[in-house]
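A structural walkthrough
Read off the chains here:
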Amino acid sequence: QVNLVESGGGSVQAGGSLRLSCAASGFTYSSYCMGWFRQAPGKEREGVAVIDVKGGTLVASSVKGRFTISRDNGKNTLYLQMNSLKPEDTAMYYCAARRASYCYLYADAYNYWGQGTQVTVSS
């Protein structure tokens, strides 16, 4: 049974930092593309950053230079380091897994999803 559990969300002021984690289980983590997505109220879910099995990354232009995605295959854990946070980063953040070695930044390409962790950035 595939299980993705996010943690690390919270409330911060603009300019602050947060580190999200996603603990994965129930599948061969090292063989899957992994990604972070977010959804704000009234908006569609959007890709934030994804990482393939070799460590190659794709990062949305809206967060490039501020957010860093990484993975630890020994711990079956995905991370998202978020720096210089802005109020427009406020959203529910989801971890996702794609049953392929390569990645895309659109949500429909992903097979498994976590429950999400809320990030709120105040001005």
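A brief structural summary. Being a predicted model, the structure only gives us computed values, none of them experimental.

We now examine the overall build of the chain. Counting secondary structure elements, the chain contains zero helices and 11 strands. The order of α-helices and β-strands along the chain, N terminus first, is β-β-β-β-β-β-β-β-β-β-β. Relative to its length of 123 residues, the chain is compact, with a C-alpha radius of gyration of 13 Å against a globular reference of 14 Å. With respect to the principal axes defined by its C-alpha atoms, the chain has extents near 40 × 25 × 25 Å. Contacts in the chain between residues far apart in sequence, at least 24 positions, make up 61% of those at least 6 positions apart. In the form shown here, the chain has an accessible surface area of approximately 6,200 Å², with 44% of it arising from carbon and sulfur atoms.

On to the side chain of Arg98. For Arg98, the position within the fold is in strand β9 (residues 91-98). Buried within the structure, Arg98 lacks any salt-bridge partner; its nearest side chain of opposite charge belongs to Asp52, at an N-O separation of 10.0 Å. Here the side chain of Arg98 touches Tyr102 through a polar contact of 3.0 Å, landing on its backbone oxygen. With near-sequence residues (within four places) excluded, Arg98 lies in contact with Tyr32, Cys33, Cys103, Tyr104, Ala109, Tyr110 and Asn111.

Okay, a nonpolar patch on the surface next. Taken together, Tyr102, Tyr104 and Tyr106 make up a surface patch of nonpolar side chains, about 330 Å² in accessible area. Tracing the backbone through its elements, the reader meets Tyr104 in the loop between β9 and β10 (112-113).

What follows concerns the packing of aromatic side chains. The description of an aromatic ring pair uses the distance of the two centres, along with the angle that the planes make with each other. Applying the stated criterion across every chain, the model contains 10 aromatic pairs. Relative to Tyr29, the ring of Phe27 lies with its centre 6.3 Å away and its plane at 55°, an arrangement referred to as tilted. For the pair shown, Phe27 and Tyr29 are each scored as buried. Ring centres of Tyr102 and Tyr104 lie 5.8 Å apart, and the angle between their planes is 90°; on these two criteria the pair is classed as edge-to-face. The side chain of Arg19 reaches across the aromatic face of Tyr79, ending 4.0 Å from its centre. Positioned over the ring face of Tyr29 is Arg71, at 4.6 Å from the centre of the ring.

Right, let's talk about the pattern of salt bridges for a bit. For the structure shown, the criterion picks out three salt bridges. Of the charged contacts in the structure, one is a salt bridge between Arg38 and Glu46, with a shortest N-O distance of 2.6 Å. Here Asp89 ties to Arg66 by a salt bridge, and the two come within 2.7 Å at their closest N and O atoms. Within this pair, whereas Asp89 is found in the loop between β8 (77-82) and β9, its partner Arg66 is found in the loop between β6 (57-59) and β7 (67-72), the two being separated by 23 residues in sequence. Residues Asp89 and Arg66 agree in their burial class; the two are buried. One network of salt bridges, in which partners are shared, links Arg38, Glu46, Arg66 and Asp89.

Strand order in this open sheet of four strands is β1-β3-β8-β7, and the pairing throughout is antiparallel. Of all strands in the sheet, those bounded by a partner on one side alone are β1 (3-7) and β7. Strand-to-strand twist of the sheet, defined as the mean angle between neighbouring strand axes without regard to direction, takes the value 15°.

Conventions and cut-offs
- Along each chain, numbering runs from 1 in the same order as the chain's sequence is written.
- Local features are withheld for residues below a pLDDT of 70 in this predicted model, meaning they are given only at 70 or higher, and side-chain atom pairs are given and counted only at 80 or more; totals for whole chains, interfaces and linings count all residues.
- Only hydrogens and water are set aside; all other atoms, that is, all heavy atoms of the structure, feed into the side-chain values.
- Elements are defined by DSSP. Helices are runs of H or I of four residues or more, strands are runs of E of two residues or more, and each kind is numbered from the N terminus.
- Taken over C-alpha atoms, the radius of gyration is set against a globule rule of 2.2 Å times the number of residues to the power 0.38.
- By definition in these notes, contact holds between two residues if any of their heavy atoms fall within 4.5 Å.
- In these tables, accessible area is a Shrake-Rupley quantity obtained with a 1.4 Å probe, and a residue counts as shielded only by the protein chains included in the view.
- Three exposure classes are used, based on accessible area relative to the maximum for each residue type with a 1.4 Å probe and protein chains only: buried under 20%, partly exposed in between, and exposed over 50%.
- His is not counted here, nor are the chain ends, while Lys and Arg score as positive and Asp and Glu score as negative.
- Think of a salt bridge as a Lys or Arg side-chain nitrogen and an Asp or Glu carboxyl oxygen that are within 4 Å of each other.
- We call two N or O atoms a polar contact when they sit within 3.5 Å, provided that within protein one can donate a hydrogen and the other can accept it, with sequence-adjacent residues counted only if both atoms are side-chain atoms.
- Without a salt bridge and with relative accessible area above 30%, a residue can belong to a patch; like charges are then joined within 9 Å and nonpolar side chains (Val, Leu, Ile, Met, Phe, Trp, Tyr) within 5 Å.
- Note on aromatic pairs: the rings of Phe, Tyr and Trp (six-membered ring only in Trp) are paired at centre separations within 6.5 Å, and the planes decide the class, stacked below 30 degrees, edge-to-face beyond 60, tilted for the rest.
- For a ring to carry a charge above it, either NZ of a lysine or CZ of an arginine must fall within 6 Å of the ring centroid while also lying within 35 degrees of the normal to the ring plane.
- Strand pairing follows a simple DSSP-based rule, namely that at least 2 bridges must link the two strands.
- Between the N-to-C directions of two axes lies an angle of 0 to 180 degrees, each axis being a line fitted to C-alpha atoms and, for a helix, fitted only over the stretch in contact.

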